[in-house]
Amino acid sequence: MADMAQGLAWDDLRLVQAIADGRGLTGAAERLGLHHSTVFRRLGQLEQTLGHTLFERHRSGYVPTTAGEAMVALARRIDEQIGGFARKLAGRELTPAGELRLATSDTLFVHLLTPLLARFRAHCPDVRLDVVLGNQALNLSQRDADVAIRATDAPPELLVGRRVARIAWALYGSATQHGPAGPAEPEQLQRADWVGLGDNLAPLRAARYLRERIPAERIACKLNTVLGLAESIEAGIGIGHLPCFIADAHPGLVRLAPPEPEFAADLWLLTHPALRHSPRVRVFLDFMAAELATLRPFIEAGSG
């Protein structure tokens, strides 16, 4: 009997309770979200393991035997205890606390996230932030980071999250050299020197454009960060493509052409599935999603 008890699982008790409540295999299958044949097979295996018939098959349905009634009663007691425990947790406020490691790029951190992180700290002072800046991919399953905020159209399949905006890009130049905002003449662009992104950011569409469409002799400078790219364009080294939420905030930069939809990239909040129910991860994701939603017109170049 001890061996039988060791082999008995909560799923077995749920199965027996569902058959009793549904008065048959069809009703149990609907309650459990299983196929009729799966319920039939699992009941047969359970009865064989226990050495007892749990239900008698009548025209009116499945009727529990004495052993079946005992199992149903046990299942209901455990179900009530689990429900009580869940209600206790729901009534107890779990305060998010501890260290949260955030991976993001220096560009997003400097030009977008810093004030949002300050507001998050005021909202959840018991959560300590450990920010990792860089463009390299981090392994969230190995706790390189708890949350990543990335601009990408292809987030890793093993991660879960939400897309919060689509980052607009446009062509910019130095305000000193190009005057007031407005579309540049094609001849002006043909004569201009260009500044672009280096090989480390080659997957970005703006980097591919420079590589495929601009002659090498017209590329005055390449940089390995978007921050450096913005500074170089503002200094007049050349023209180049930038995220609008960065460039439109710089008085020293002027937009030379409308945003180019094919250059846009999705902005994602990402975490590992095993971490998404962690209180500090959940509250951070919810907070940042709400804050970034208010900035969508700015990020998507819908407002200046």
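Residues numbered from 1 in each chain as written. Predicted model: local features only at pLDDT ≥ 70, side-chain atom pairs only at ≥ 80, totals over all residues. Heavy atoms only, no water.

**Considering the pairing of strand β5 (residues 147-151)**
If a strand is regular, its side chains alternate between the two faces of the sheet.
Moving on, step 1. Buried residues dominate β5, accounting for 4 of its 5 residues.
Moving on, step 2. Pairing of strand β3 (residues 98-104) with β5, which is carried by 3 bridges, proceeds in the parallel orientation. Pairing of Thr104 across the sheet is with Ile149, part of β5.
Moving on, step 3. As defined by bridge partners, β5 adjoins strand β12 (residues 265-271) across 5 bridges and the pair is classed as antiparallel. From the neighbouring strand, Ile149 faces β12, where its bridge partner is Leu269. (Buried < 20%, exposed > 50% of the residue type's maximum accessible area, 1.4 Å probe, protein only. Helix = DSSP H or I, 4+ residues; strand = E, 2+ residues; numbered from the N terminus. Pairing = 2+ DSSP bridges.)

**Side note on the environment of Asp79**
Moving on, step 1. Mapped onto the elements of the fold, Asp79 is located in helix α5 (residues 66-91).
Moving on, step 2. Judged by relative accessible area, which is 35%, Asp79 ranks as partly exposed.
Moving on, step 3. With 65 residues separating them in the primary sequence, Asp79 and Arg14 have C-alpha atoms 8.5 Å apart.
Moving on, step 4. Not counting chain neighbours up to four residues away, the residues in contact with Asp79 comprise Trp10 and Gln17. (Contact = heavy atoms within 4.5 Å.)

**Focus on the side chain of Thr107**
Moving on, step 1. Structurally, the position occupied by Thr107 is in helix α6 (residues 106-123).
Moving on, step 2. A polar contact of 3.4 Å, which involves the side chain of Thr107, links it to the side chain of Asp106.
Moving on, step 3. Each residue touching Thr107, except ones within four places of it in the same chain, is listed here: Leu112, Val226, Leu227 and Ile246. (Polar contact = N/O pair within 3.5 Å; in protein donor to acceptor, adjacent residues only side chain to side chain.)

**Points about the packing of aromatic side chains**
Moving on, step 1. Overall, the coordinates contain 6 aromatic pairs when judged by the stated rule.
Moving on, step 2. Between Phe120 and Phe284, the aromatic rings sit 5.0 Å apart at their centres with planes inclined by 90°, giving edge-to-face as the arrangement. Of the two residues, Phe120 sits in helix α6 while Phe284 sits in helix α12 (residues 279-294), which places them 164 residues apart along the sequence.
Moving on, step 3. The class for Phe120 is buried, based on a relative accessible area of 0%.
Moving on, step 4. Both rings, one in Phe120 and one in Phe287, keep their centres 5.5 Å apart while their planes meet at 65°; by these two values the pair is edge-to-face. Of the two residues, Phe120 sits in helix α6 while Phe287 sits in helix α12, which places them 167 residues apart along the sequence.
Moving on, step 5. Taken together, Phe120, Phe284 and Phe287 form an aromatic cluster joined through their ring pairs. (Phe/Tyr/Trp six-rings, centres within 6.5 Å; stacked < 30°, edge-to-face > 60°.)

**Structural notes on the sheet that holds strand β11 (residues 253-255)**
Moving on, step 1. Reading across from one edge, β10-β7-β11 is the order of the 3 strands in this open sheet, with antiparallel pairing throughout. Two strands bound the open sheet, and with one partner strand each, they are β10 (240-243) and β11. Direction aside, neighbouring strands of the sheet carry axes that sit 55° apart on average.
Moving on, step 2. Bridge count for strand β7 (residues 169-174) against β10 is 4 bridges, and the pairing is antiparallel. Bridge assignment links Trp169 to a residue of β10, and that residue is Pro243.
Moving on, step 3. Along the sheet, helix α10 (residues 226-234) makes contact with β7, β10 and β11, crossing β10 at roughly 125°. (Axes fitted to C-alpha atoms, helices over the stretch in contact; angles between N-to-C directions.)

**Section: the sheet that holds strand β4 (residues 127-133)**
Across a sheet, strands are paired by hydrogen bonds formed along the backbone, either parallel or antiparallel in direction.
Moving on, step 1. Read from one edge to the other, the open sheet built from 5 strands follows the order β4-β3-β5-β12-β6, with strand pairing classed as mixed. Pairing within the sheet leaves two strands with one partner each, and these edge strands are β4 and β6 (160-167). With strand direction ignored, the average angle separating the axes of adjacent strands in the sheet is 20°.
Moving on, step 2. With 7 bridges joining them, β3 and β4 adopt parallel strand pairing. Among the inter-strand pairings, Thr104 is bridged to a residue of β4, identified as Leu133.
Moving on, step 3. Of the strands in this sheet, β3, β4, β5, β6 and β12 are in contact with α12, which crosses β12 at around 160°.

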